[in-house]
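Architecture and fold: a report
Here's the letter readout for the chains.
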Amino acid sequence: MTSTFGSCSPYPYLSAGVPGSFAYRTVKDRMPVILTKVIDFLCRNKHEILESSTAEAGSIEDLKLIIGKLSQLRSEMQTNKTLRPLEISSSHLRDGAKWNNELIEAKDSSSPQWFSSPWLLVECYMYRAIYCIFENSIHLKRLDPFSHMKEELIISQKYVLSQLVAYTNDLSQTITSASHLQANFMKLLEISLWANRNDLSLSGGNAETKPGSFLDDVEQLSSHILVNNANELWLYVEQVQKDFRNKELGIIMDNSGLEMVADLCLAVYCISHQLFDRVIFYVKKIPWFVSDTTFDDLQWALHYMEKDVPEMQCFASKCLGYLDSQQFQVVEEGYFTLPLPYHVMNKEDPDLYNKLSQSQLLIFKGDLNYRKLGADIDWPSTTTFEKFLQGFKPAPLVALRTIKAEIICDIPSTKRKPRLLSPA
Ligand SMILES: O=P(O)(O)OC[C@@]1(O)O[C@H](CO)[C@@H](O)[C@@H]1O
Ligand SMILES: [Mn+2]
């Protein structure tokens, strides 16, 4: 496959063409279920959806058309048809050109099919196709078919979220030494890492955490960290204090819900202890991989916490205050909802690469970001992170990721490649 994925690696891309792989089970089982859940949601909630739309009569036709197109998409996936060019609207022309270039490129070598093209292209394609189907409707352009799941997740987790925020507040009160500052930072990193297990695209829309267990889980899970560079990271953060006056942290976000709140806790800690002066949150520009955070999700969550969860009101107001003062900034960049891996970003989107390079530290959250850092290639597990990135390094960066896909690197040769307890 010689698309702009164009990697110099001799190793193959992950693909659903490998029976039994997580990519195969995702395309064969998980993705059709996700599409079915969207169709069911539209059928079961059609009255509410029609009431909320401007022109009810037209919307009924719209809804029927959308459901038909989603069903067709699912059927083409299940029968391994060729991925059709996306109908991308004029407001996304730039992304559209890149999308169809990928699909045309794929055609050069072989027609892009669900079970043979690179998993990254195929999986991103499904979410983009869902978005295009809504965006090309007349009355339901702005409908996020996953927002109800993301909102229900936050509401169902409010007890765990309140615990997490209270824990973060306590950490901030007890800073009496540099070692405390470090210990607490490391703890919040681990919390942000394990919150990544909360992933609606895996849990089929169900909240993962049982009330009251998440912080205990974080304690237990420490021994499951396979590659842990937190100590080197802290030494670098200390160096940043000496070398830079104006310090910026970039968080390339992943899932809404617990993971988003964990990332906000880490960011609040960094600002309130002057480890960084500004935190840039890179969110998704369109609904993505079921639970990935959009700007609307972040705003909805902060206002929900401020209004409806007394224990979180102060935290939410603090975050909203940081947004007003620009100490928190939210950025929507189209690149993060393209199928492109990160090693081609400097060529494909030099402005974004340059923006990322303004930060003193970048934290890439979650499995999909990790897959894009490694171009979704089936690298040997002993591959160094440096080689895995294939030259992508706009700024010093770390990946906080719980393993979902088989791709992995930096495992010492003394350790065997971890046997994945794939959540699927
Ligand atoms: O990016 P996240 O939210 O951590 O992981 C989500 C996800 O990318 O993990 C699976 C394997 O990569 C995908 O099929 C799935 O959607
Ligand atoms: Mn995600």
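Just so it is clear, the model here is predicted, and its values are computed rather than measured. Going along each chain's sequence as written, the residues are numbered from 1 onward. By the order in which they are written, chains take letters starting at A while ligands take numbers starting at 1. For this predicted model, a pLDDT threshold of at least 70 governs which residues receive local features, and a threshold of 80 or more governs which side-chain atom pairs are given and counted, while totals over whole chains, interfaces and linings are taken from all residues. The basis for every side-chain value is the complete set of heavy atoms in the structure, and neither hydrogens nor water enter the calculation.

1. With respect to the overall build of the protein chain
Labels follow the DSSP assignment, with helices taken as runs of H or I lasting at least four residues and strands as runs of E lasting at least two, numbered in each case from the N terminus. Along its length, the protein chain carries 18 helices and 5 strands. Note that the radius of gyration is over C-alpha atoms, with the globule rule given as 2.2 Å times the number of residues to the power 0.38. Relative to a compact globule of 424 residues, whose C-alpha radius of gyration would be 22 Å, the protein chain shows 21 Å and is just as compact. Expressed along its principal axes, the backbone C-alpha trace of the protein chain runs to roughly 60 × 55 × 40 Å. The rule is simple: take the accessible area with a 1.4 Å probe, protein chains only, and divide by the maximum for that residue type; under 20% is buried, over 50% is exposed, in between is partly exposed. Per-residue burial over the protein chain gives 56% buried out of 424 residues. Of the accessible surface of the protein chain, which amounts to about 17800 Å², a share of 52% is contributed by carbon and sulfur atoms. Counted as positive: Lys and Arg. Counted as negative: Asp and Glu. His and the chain ends are not counted at all. The atoms used to mark charge sites are NZ of Lys, CZ of Arg, CG of Asp and CD of Glu. Here the protein chain contributes 43 positive and 51 negative side-chain charges, whose respective centroids are spaced 4 Å apart. Calculation of accessible area relied on Shrake-Rupley with a 1.4 Å probe; when residues are assessed, cover is drawn exclusively from the protein chains displayed.

2. Here's the deal with the pattern of salt bridges
Definition used for salt bridges: Asp or Glu carboxyl oxygen within 4 Å of a side-chain nitrogen of Lys or Arg. According to the stated counting rule, one finds 17 salt bridges in the structure shown. We note a salt bridge from K187 to E219, for which the minimum N-O separation is 2.8 Å. You can see K187 sitting in helix 8 (residues 178–194) and its partner E219 sitting in helix 10 (residues 214–221), a full 32 residues away along the chain. The exposure class of K187 is buried, given its relative accessible area of 18%. Its salt-bridge partner being E248, residue R278 comes within 2.8 Å of it at the nearest N-O pair. One end of the pair, R278, is in strand 2 (residues 278–283); the other, E248, is in strand 1 (residues 248–252), and 30 residues separate them in sequence. On the basis of relative accessible area, E248 is assigned to the buried category, the value being 6%. Residues joined by salt bridges that share partners form a network here, namely K98, K347 and E348.

3. Digging into the site of ligand 1
What surrounds ligand 1 is a group of 17 residues, the closest being R30, E123, D367, L368 and K404. As used in this structure description, the phrase polar contact means that two N or O atoms lie within 3.5 Å; if the pair is within protein, one of them must be able to donate a hydrogen and the other to accept it, and residues adjacent in sequence are counted only when both atoms belong to side chains. Here E123 contributes a side-chain N or O atom positioned 2.5 Å from an oxygen atom of ligand 1. R371 has a polar side-chain atom sitting 2.9 Å from an oxygen atom of ligand 1. Across the complex, the protein chains shield 100% of the 380 Å² of accessible surface that ligand 1 would expose by itself. Those elements that place two or more of their residues in the shell around ligand 1 are helix 1 (22–44), helix 5 (119–135) and helix 17 (366–373). No other element matches helix 17, which puts 4 residues into the shell around ligand 1. The nearness test applies per residue and asks whether one of its heavy atoms lies within 4 Å of the molecule or strand.

4. Observations concerning the nonpolar core
Among the nonpolar cores identified, the biggest contains 84 residues, and L42, L70, W114, M126 and F392 are the most heavily contacted of them. When residues of this core are assigned to their parent elements, the largest contribution, 14 residues, is made by helix 5. The nonpolar core is taken to be a set of buried Ala, Val, Leu, Ile, Met, Phe, Trp, Tyr and Cys residues, with the residues joined through side-chain atoms within 4.5 Å. The next biggest cluster of nonpolar side chains, apart from the first, holds 61 residues, and it includes I251, V261, V279 and M312.

5. Overview of unusual backbone geometry
With the exception of glycine, most residues fall at negative phi, and the peptide bonds are largely trans. In the Ramachandran plot, Q274 falls in the positive-phi region, its phi being about 50° despite a non-glycine side chain. On the secondary structure map, Q274 appears in the loop between helix 12 (258–272) and strand 2. Despite not being glycine, D376 shows a phi value in the positive range, around 55°. Its location among the elements puts D376 in the loop between helix 17 and helix 18 (385–389).

6. Details of the packing of helix 6 (residues 147–156) against helix 13 (residues 295–308)
Two numbers describe a pair of packed helices, the interaxial angle and the distance between the axes. At a minimum axis distance of 11 Å, the contact between helix 6 and helix 13 shows a crossing angle of 30°. One element, helix 6, and the other, helix 13, form an angle in the roughly parallel class. At the point where helix 6 passes helix 13, the crossing takes the right-handed sense. Packed against helix 6, whose contacting residues are K150, E151, I154 and I155, the element helix 13 presents D297, W300, A301 and Y304 at the interface. Whenever a helix is involved, its axis is fitted only over the stretch in contact; in every case the axis is a line through C-alpha atoms, and angles between N-to-C directions fall within 0 to 180 degrees. In these notes the angle categories are as follows: under 35 degrees is roughly parallel, over 145 is roughly antiparallel, 65 to 115 is roughly perpendicular, and the rest is oblique. Here is the rule for handedness: rotate from the far helix to the near one, and if that takes an anticlockwise turn smaller than a right angle the crossing is left-handed, while a clockwise turn gives right-handed. Residue contacts are defined here by distance: any two heavy atoms, one from each residue, within 4.5 Å place the two residues in contact.

7. Focus on the coordination of the manganese ion (ligand 2)
Coordination of the manganese ion (ligand 2) by the protein comes from D254 (OD), N255 (OD1) and D292 (OD), over a distance range of 2.1 to 2.3 Å. Here a donor is an N, O or S atom found within 2.8 Å of the metal, or within 3.2 Å if the metal is Na, K or Ca; sites may look incomplete because water is not among the atoms. Each donor residue of the manganese ion (ligand 2) lies on the same chain, and together they follow the pattern D-N-x36-D. A single burial state applies to D254 and to N255, both of which are buried.

8. Quick word on the environment of H273
Counting through the fold element by element, H273 comes out in the loop between helix 12 and strand 2. Considered as a pair, H273 and A375 are 102 residues apart in the sequence and their alpha carbons are 35 Å apart.

9. Considerations on the sheet that holds strand 3 (residues 328–332)
The parallel open sheet is built from 5 strands, whose spatial order is 3-2-1-4-5. One side of each edge strand has no neighbouring strand; the edge strands of this open sheet are strand 3 and strand 5 (397–400). Pairs of neighbouring strands in the sheet enclose a mean axial angle of 20°, with direction left out of account. Two strands pair under a simple rule: DSSP has to find at least two bridges between them. Pairing geometry for strand 2 and strand 3, over 5 bridges, is parallel. When the sheet's bridge partners are listed, I280 is paired in strand 3 with Q329.

10. Re the packing of aromatic side chains
Here the aromatic set is Phe, Tyr and Trp, taking the six-membered ring for Trp, and pairing holds for ring centres within 6.5 Å; pairs whose planes are under 30 degrees apart are stacked, those over 60 apart are edge-to-face, and all others are tilted. The tally for this structure, following the rule as stated, stands at 23 aromatic pairs. Where F185 meets W234, the ring centres are 5.3 Å apart and the plane angle is 50°; that geometry is what we call tilted. Of the two residues, F185 sits in helix 8 while W234 sits in helix 11 (residues 230–243), which places them 49 residues apart along the sequence. Assigned by exposure class, F185 and W234 land together as buried. Taking the centre distance of 6.2 Å and the plane angle of 50° together, the rings of W379 and F388 count as tilted.

11. Thoughts on the confidence of the model for the protein chain
Taken as a whole, the protein chain shows an average pLDDT of 90; of its residues, 91% reach a score of 70 or greater. At the level of chain-chain contacts, confidence expressed as ipTM amounts to 0.96, with global pTM at 0.93. Here pLDDT means the predictor's own confidence in every residue, given as a number from 0 to 100.

12. Here we look at the side chain of S162
Along the chain, S162 turns up in helix 7 (residues 158–173). By relative accessible area, which is 11% here, S162 ends up buried. In this structure the side chain of S162 is engaged in a polar contact, spanning 2.5 Å, whose partner is the backbone oxygen of K158. S162 has contacts with V309, E311 and M312, leaving out every residue within four places of it along the chain.

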